[in-house]
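Architecture and fold: a report
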Amino acid sequence: GDLNASQKEVEALNAGLEAKVEERTAALAQKNRDVVHMLENIKSGVATLLPGQVFHHEYSANLREILEHDDIAGRPVREVLWAHSTLQAHEIDTIDAVLNTGFEQMVMLFECNAHALPAEFELAFEDGRHKTVAIEWIGIGEEFEDVESIMVTLRDVTELRALQAEAEAQRQAMLVVGELLAVPDEDFQSFVKASRTFIARNKELASMGPSPERVEEMFRNAHTIKGNARLLGFTRLNVTVHHAEETYRSLREGGDWDVDALVANEEAVEAALSEYTDVYDEKL
């Protein structure tokens, strides 16, 4: 009788265990389906980096779309994230070092050092297209234990950055309008004519090679443009010319004479001046 009772008790326990296993299996299957559904539909690129800087086999479908890279699972981060990036080799090496160290740190320390990883990078494709991608790095694991994996989330912010740049350009244009409205027309025209003369002369001097006299004349010309811009209240132009003036100041102190850099210096001043003349012609 005792044996039969024990046997029935074991059978009851087994039945209960089987029910629990089936329940847990069903819950796990549902959880997996939910994860797959999320990864297929989330609008961000989400993936997990494992030790050795390789990608876990599960990642969001949007990651392929953002990176335009199909071979992701098990591949090194260098071959996936940076395949089309404009990052320089030394920058990628620095990221590698930070990530390798990250897997040897506590989660808390990784979060403190995550600022050394890029928050945004550019992708350049062979057909000439460019993308701007925002990226976040999150250490996964117990707070006071070593990082077990690193979750990366990516967003294509190309259109957002373009809109921000357009809005900033409009804002700067309105600032320039305000500065121009405060200046009599004849004063502006005289300033533009004189500035273009000084810019052309500095380009000519740059191509002639170094000499103390040429350096002094280039500095004097830039200083005159800056002084006139400040007098008329042309803030943006004043800042650009100040950078050019500093270049000539460094030449005074024995800096290298780089013709291309000096010409580019003047072209920057020329471009800043064109901002004012373009706004004047198109809006005023």
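Structure: see above.
Here's what I pulled together on the structure shown here. On a predicted model such as this, the values are computed, not experimentally measured, just so you know.

Cut-offs applied
Residues numbered from 1 in each chain as written. Predicted model: local features only at pLDDT ≥ 70, side-chain atom pairs only at ≥ 80, totals over all residues. Heavy atoms only, no water. Phe/Tyr/Trp six-rings, centres within 6.5 Å; stacked < 30°, edge-to-face > 60°. Helix = DSSP H or I, 4+ residues; strand = E, 2+ residues; numbered from the N terminus. Buried < 20%, exposed > 50% of the residue type's maximum accessible area, 1.4 Å probe, protein only. Lys NZ or Arg CZ within 6 Å of the ring centre and 35° of its normal. Contact = heavy atoms within 4.5 Å. Polar contact = N/O pair within 3.5 Å; in protein donor to acceptor, adjacent residues only side chain to side chain. Salt bridge = Lys/Arg side-chain N within 4 Å of Asp/Glu carboxyl O.

Before going further, it helps to examine the packing of aromatic side chains. Per the stated rule, a full pass over the model turns up 6 aromatic pairs. Both rings, one in Phe188 and one in Tyr280, keep their centres 4.9 Å apart while their planes meet at 35 degrees; by these two values the pair is tilted. With Phe188 in helix 7 (residues 185-207) and Tyr280 in helix 10 (residues 259-283), this pair connects stretches of sequence that are 92 residues apart. Summarising the aromatic geometry, the rings of Phe234 and Tyr276 are spaced 4.8 Å apart at their centres and angled 45 degrees between planes, so their arrangement reads as tilted. Of this pair, Phe234 sits in the loop between helix 8 (212-232) and helix 9 (235-252) while Tyr276 sits in helix 10, placing them 42 residues apart in sequence. In this structure, Phe234 and Tyr276 share a single accessibility class: buried. Aromatic rings pair up to connect Phe188, Phe191, Phe234, Tyr276 and Tyr280 into one cluster. The ring of Phe125 carries the charged tip of Arg129 above its face, separated from the ring centre by 4.7 Å. One residue, Arg252, lies across the ring of Phe219, its end atom 3.8 Å from the ring centre.

In this section: the environment of Ala134. Within the secondary structure, Ala134 sits in strand 4 (residues 130-140). The class for Ala134 is buried, based on a relative accessible area of 10%. Discounting chain neighbours no more than four positions away, the residues touching Ala134 are Ala119, Glu120, Thr153, Leu154, Arg155 and Val157.

What follows deals with the side chain of Ser85. Topologically, Ser85 is positioned in the loop between helix 3 (77-80) and helix 4 (89-102). For Ser85, a relative accessible area of 14% puts it in the buried group. Side-chain polar atoms of Ser85 contact the backbone nitrogen of Leu87, separated by 3.4 Å.

With that settled, consider the pattern of salt bridges. Applying the stated rule across the entire model yields 17 salt bridges. For Glu120, the salt bridge identified is with Arg161, shortest N-O distance 2.6 Å. On the criterion of sequence distance, the pair formed by Glu120 in strand 3 (residues 120-124) and Arg161 in helix 6 (residues 158-181) is long-range, its members being 41 residues apart. A residue is classified by how much of its surface remains accessible, and Glu120, at 35% relative accessible area, is partly exposed. Its salt-bridge partner being Glu217, residue Arg201 comes within 2.8 Å of it at the nearest N-O pair. In this pair, Arg201 sits in helix 7 while Glu217 sits in helix 8, placing the two residues 16 residues apart along the sequence. Counted as one network, the salt bridges with shared partners bring together Glu68, Asp127, Arg129 and Lys131.

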